[in-house]
Amino acid sequence: MPTIIAIAAMLAASVAAGLLGSFALMRRMTLAADSLSHVALPGIALALLLNVNPVIGGFVALVVGALIIWGLERKTKVATEALIGVLFAVSLAIGALLSTREELLDILFGNVHSLTAIESMIGFAIAAVVISILLYIRDRLTISILSPSIAATMGINNARLSLVFLILFAAVIMLGLKFLGVLLMGSLIIIPAAAAKNIARNLSGDLIIAPALAVAATAIGLVVALCTGLDLGPVVVCVSAGLFLLSLFFA
């Protein structure tokens, strides 16, 4: 049974994932969310080899990946999703080479019971920071996504805002690595945001409904997983998918 602080950290991470997913959907990066999560794989594997906390290794890899994508995005005309796809393939190959089969399973699917109190408290704090930043920059980020030229005339630095968004993306993925794993964390960003799009009638509603659905999926998934003994990650994704199907009736 996860501790109270671990559950609080998971729910806070779900709120952050829902918020981020709404903007990722506008930026046409929902599929990239799943791919970008795999960038953490080599960092986690290398951290395990060096006896360092794997979350630290995963986060460093994600930040480096975000910086690489941001730099290439500015220097080339290749779409962000394509750059993430290339980085995803390379990261997956390197991570598989550096990990044993048992370690790879924990990395891919997560292990909520391995969450320590310190990790949970740090995760909760990071989630709170991510949520605060997203709410603070939401207007500028929306304008920058919908019309970069208008944003530029308003004095908004599109390149810097894009970097901040990618760093927040990396932080949210890192938050869920322990309880959902590399393979499934992207789903908590993608599916609730897609479901909210069917229900919400404006951006404000979207930014409320998406986090609410992500929290509901995590809470229901946790209860089901504890009652059945199933792994939490796949259960949460299945619950998210069920909520998405229900949202189709509101589309």
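Up top is the structure.
Note that the structure is a prediction, hence the values are computed from the model and not measured.

### A few points about the overall build of the protein chain
And step 1. Of regular secondary structure, the protein chain possesses 12 helices and 0 strands.
And step 2. Along the protein chain, from the amino end to the carboxyl end, the secondary structure elements read α-α-α-α-α-α-α-α-α-α-α-α.
And step 3. Buried residues in the protein chain amount to 49% of all 251 residues.
And step 4. Looking at the protein chain alone, contacts between residues at least 24 apart form 75% of all its contacts between residues at least 6 apart.
And step 5. Total accessible area on the protein chain is roughly 11,700 Å²; 72% of this is exposed by carbon and sulfur atoms.

### Description of the packing of helix H1 (residues 4-26) against helix H11 (residues 203-228)
And step 1. The N-to-C vectors of H1 and H11 enclose an angle of 140°; their axes lie 8 Å apart at closest approach. Judged by the angle between their axes, H1 and H11 are oblique. Along this stretch, H1 crosses H11, giving a crossing that reads as right-handed. Of H11, the residues touching H1 (which contributes Ile7, Met10, Leu11, Ser14, Val15, Gly18, Leu19, Ser22, Phe23 and Met26) are Leu203, Asp206, Leu207, Ala210, Pro211, Ala214, Val215, Thr218, Ala219 and Leu222.

### Brief notes about the packing of aromatic side chains
And step 1. This structure, assessed with the given rule, holds 1 aromatic pair.
And step 2. Ring geometry for Phe165 against Phe169: centres 5.7 Å apart, planes inclined by 80°, an arrangement best described as edge-to-face. Placement of the pair is Phe165 and Phe169 together in helix H9 (residues 158-176), with a separation of 4 residues, close to one helical turn.

### Observations concerning the nonpolar core
And step 1. Ranked by internal contacts, the top residues of the largest apolar core, which has 63 residues, are Leu20, Leu134, Leu141, Phe165, Phe169, Val172 and Leu188.
And step 2. Elements with a contribution of two residues or more to this core: H1, helix H3 (40-49), helix H4 (54-75), helix H7 (117-146), H9, helix H10 (182-199), H11 and helix H12 (232-247).
And step 3. No other element matches the 12 residues that H9 contributes to this core.
And step 4. Not counting residues up to four positions away in its chain, the partners in contact with Phe165 are Leu20, Phe23, Ala24, Arg27, Met29 and Leu141.

### Here we look at H3
Along an α-helix, a turn takes 3.6 residues, which lines up residues three or four apart on a common side.
And step 1. Burial analysis of H3 places 7 of its 10 residues in the buried class, which makes it a mostly covered element.
And step 2. The first or second residue beyond H3 is Asn51, which carries a positive phi of 60°.

### Focus: a nonpolar patch on the surface
And step 1. On the surface, Leu46, Leu49, Leu50, Val52, Ile56, Val60, Val64, Ile68 and Leu72 cluster together into a nonpolar patch covering about 770 Å² of accessible area.
And step 2. When contributions to the nonpolar patch are tallied by element, the ones reaching two or more residues are H3 and H4.
And step 3. No other element matches the 5 residues that H4 contributes to the nonpolar patch.
And step 4. Tracing the chain through its elements places Val52 in the loop between H3 and H4.
And step 5. By relative accessible area, Val52 is classed as partly exposed at 37%.

### Remarks on the side chain of Ser144
And step 1. Relative to the assigned elements, Ser144 resides in helix H7.
And step 2. A polar contact of 2.7 Å, which involves the side chain of Ser144, links it to the side chain of Asn158.
And step 3. Once you skip the residues sitting within four places of it in the chain, Ser144 turns out to touch Ala151, Asn158 and Leu161.

### Observations concerning the packing of H1 against H9
And step 1. The interhelical angle for the contact between H1 and H9, taken along N-to-C directions, is 145°, at an axis separation of 10 Å. Crossing hand, H1 versus H9: left-handed. Two secondary-structure elements touch here, H1 through Ala13, Ala16, Ala17, Leu20, Phe23 and Ala24 and H9 through Phe165, Leu168, Phe169, Val172 and Leu175.
And step 2. Residues belonging to the contact of H1 with H9 are distributed by class as follows: 11 nonpolar, no polar and no charged.

### Side note on H1
And step 1. The terminal C-alpha atoms of H1, which comprises 23 residues, lie 34 Å apart, in line with the 33 Å expected from a rise of 1.5 Å per residue.
And step 2. Just downstream of H1 lies Arg28, where phi reads positive at about 55°.

Calculation rules
- Residues numbered from 1 in each chain as written.
- Predicted model: local features only at pLDDT ≥ 70, side-chain atom pairs only at ≥ 80, totals over all residues.
- Heavy atoms only, no water.
- Helix = DSSP H or I, 4+ residues; strand = E, 2+ residues; numbered from the N terminus.
- Buried < 20%, exposed > 50% of the residue type's maximum accessible area, 1.4 Å probe, protein only.
- Contact = heavy atoms within 4.5 Å.
- Areas by Shrake-Rupley, 256 points an atom, 1.4 Å probe, with all protein chains shown as cover.
- Axes fitted to C-alpha atoms, helices over the stretch in contact; angles between N-to-C directions.
- Parallel < 35°, antiparallel > 145°, perpendicular 65-115°, else oblique.
- Left-handed = near helix turned anticlockwise from the far one by under 90°.
- Phe/Tyr/Trp six-rings, centres within 6.5 Å; stacked < 30°, edge-to-face > 60°.
- Core = buried A, V, L, I, M, F, W, Y, C linked by side-chain atoms within 4.5 Å.
- Patch = residues over 30% accessible without salt bridge, like charges linked within 9 Å, V, L, I, M, F, W, Y side chains within 5 Å.
- Salt bridge = Lys/Arg side-chain N within 4 Å of Asp/Glu carboxyl O.
- Polar contact = N/O pair within 3.5 Å; in protein donor to acceptor, adjacent residues only side chain to side chain.
- Nonpolar A, V, L, I, M, F, W, Y, C, P; charged D, E, K, R; others polar.
- Expected span 1.5 Å × (residues − 1).

It is worth stressing that arrangement in space is one thing and function is another; only the former is reported here.
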